[in-house]
Amino acid sequence: MDQQKFKKEEERQLLNHFIAASNSFPKGRILPSESPDFIIRKSRKKSVGIEITKAFSFVNGGQLENNFSSTEEGLFVQKTKELFFKDHTSMISAQFVFSKLNPLTSKNIPAISRQASYIISNKLSGWHMGNYTQWKINKDELPDEIDTIYLTHHKEDQFAIWSSCNGNISQHDFIENITYRIEKK
């Protein structure tokens, strides 16, 4: 899949998650666009533009962390995703919040990845996945190195996004915050 097509599909997937989580998303026909990323046609004369943006984590004195896969968290996420998708085909997205007190190390990544994959599998077993489903796995169910795992599934997801929020706001909290602000207005 070329980079531009992947980016557009990722944007649509994030929009689908937001629509599913929001009670006040504008009704209308959603049309892909370049700028803004999507246009919602409410009527012939009314439309709303939506631009999908990403928040980046700055570390080490303001340097953008752009080599995610070389960090312990990045290696853990990759390994856990590989283990999970050996046995599963559902497009589940996951976001990990890691412990500051018990950091991952290169030595404990294989064991913690196996544990996390097993915990995620058990959490999903027996659950009926509707149009949009969210799960939160709390600290008391996880190894000490992981504080929280957020899982999401949308029926139209084409791929799974697995990431770390490295102590920043999670996608789940971000969607709840935006939804609250929209509903407040």
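Residue positions are given per chain, counted from 1 along the sequence in the order it is written. In keeping with the model being predicted, local features are shown solely for residues with a pLDDT of at least 70 and side-chain atom pairs are shown and tallied solely at 80 or more, while totals for entire chains, interfaces and linings include all residues. Side-chain calculation: all heavy atoms of the structure are included, whereas hydrogens and water are not.

Caption draft 1: Representation of the overall build of the protein chain in the model. Under the scheme used here, helices are H or I runs from DSSP no shorter than 4 residues and strands are E runs no shorter than 2 residues, and both carry numbers assigned from the N terminus. Counting its regular elements, the protein chain contains 4 helices and 9 strands. Contacts between residues were defined by any pair of non-hydrogen atoms, one from each residue, lying within 4.5 Å. When contacts within the protein chain are restricted to residue pairs at least 6 apart in sequence, long-range pairs at least 24 apart make up 60% of them. Note on areas: Shrake-Rupley, 1.4 Å probe, and residue coverage restricted to the protein chains presented here. Of the roughly 11,600 Å² of accessible surface on the protein chain, a fraction of 50% belongs to carbon and sulfur atoms.

Caption draft 2: Up close: the sheet that holds strand E6 (residues 93-98). Pairing between two strands requires that DSSP report at least two bridges joining them. Reading across the sheet, the 4 strands line up as E7-E8-E6-E9 and stay open at both edges, with mixed pairing between neighbours. A strand with exactly one partner marks an edge of an open sheet, and here the two such strands are strand E7 (132-137) and strand E9 (162-164). With strand direction ignored, the average angle separating the axes of adjacent strands in the sheet is 15°. Sheet topology places E6 next to strand E8 (residues 146-154); 6 bridges connect them, and they run antiparallel. Of the residues in E8, the one forming a bridge with glutamine 95 is tyrosine 150. Every angle, taken between N-to-C directions, lies between 0 and 180 degrees, and every axis is a line fitted to C-alpha atoms, over only the stretch in contact when it is a helix.

Caption draft 3: Representation of the confidence of the model for the protein chain within the structure. Known as pLDDT, the predictor's per-residue confidence is scaled from 0 to 100. Residues at a pLDDT of 70 or more form 77% of the protein chain, whose mean pLDDT is 76. Here strand E5 (residues 63-64) is the element of the protein chain with the lowest mean pLDDT, 36, and helix H3 (residues 109-124) is the one with the highest, 93. Confidence drops under a pLDDT of 50 for residues 55-69, and excluding neighbours within four residues, the segment shows 17 contacts in the predicted structure.

Caption draft 4: Inspection of the packing of helix H2 (residues 72-87) against H3 at higher detail. Contact pair H2 / H3: the axes reach a minimum separation of 8 Å and the direction vectors enclose 50°. Taken together, H2 and H3 sit at an angle that is classed as oblique. The hand of the H2/H3 crossing is right-handed. Here Glu72, Leu75, Phe76, Lys79, Thr80, Leu83 and Phe84 of H2 come into contact with H3, specifically with Ile109, Ile112, Ser113, Arg114, Ala116, Ser117, Ile120, Ser121 and Leu124. Ten residues, namely Ala, Val, Leu, Ile, Met, Phe, Trp, Tyr, Cys and Pro, are considered nonpolar, four, namely Asp, Glu, Lys and Arg, are considered charged, and the remaining ones, Gly among them, are considered polar. Partitioning the contact of H2 with H3 into residue classes produces 9 nonpolar, 4 polar and 3 charged. Should an angle fall under 35 degrees it is taken as roughly parallel, and over 145 as roughly antiparallel, whereas 65 to 115 is taken as roughly perpendicular and any remaining angle as oblique. Crossing handedness is read from the near helix: turned anticlockwise from the far helix by less than a right angle, it gives a left-handed crossing, and turned clockwise, a right-handed one.

Caption draft 5: Structural context of H3. Each helix should span, by expectation, one fewer than its residue count multiplied by 1.5 Å. An ideal rise of 1.5 Å per residue puts 22 Å on 16 residues; H3 measures up with 22 Å between its terminal C-alpha atoms. Buried, partly exposed and exposed residues are distinguished by accessible area as a fraction of the type maximum, computed with a 1.4 Å probe on protein chains only: under 20%, between the cut-offs, and over 50%, respectively. Every buried residue of H3 is accounted for by Ile109, Ile112, Ser113, Ala116, Ser117, Ile119, Ile120, Ser121 and Leu124. Where H3 ends, the next residue or the one after it, glycine 126, has phi of about 85°, a positive value.

Caption draft 6: Layout of the side chain of histidine 153. Mapped onto the secondary structure, histidine 153 falls in strand E8. A relative accessible area of 11% places histidine 153 in the buried class. For the purposes of these results, a polar contact is taken to be a pair of N or O atoms within 3.5 Å, where, inside protein, one atom must be able to donate a hydrogen and its partner to accept one; residues adjacent in sequence count only when each atom of the pair is a side-chain atom. At 3.1 Å, the side chain of histidine 153 and the backbone oxygen of methionine 91 are in polar contact. Apart from residues no more than four positions distant in its own chain, histidine 153 is found in contact with His17, Met91, Ile92, Met129, Gly130, Asn131, Tyr132, Thr133 and Trp135.

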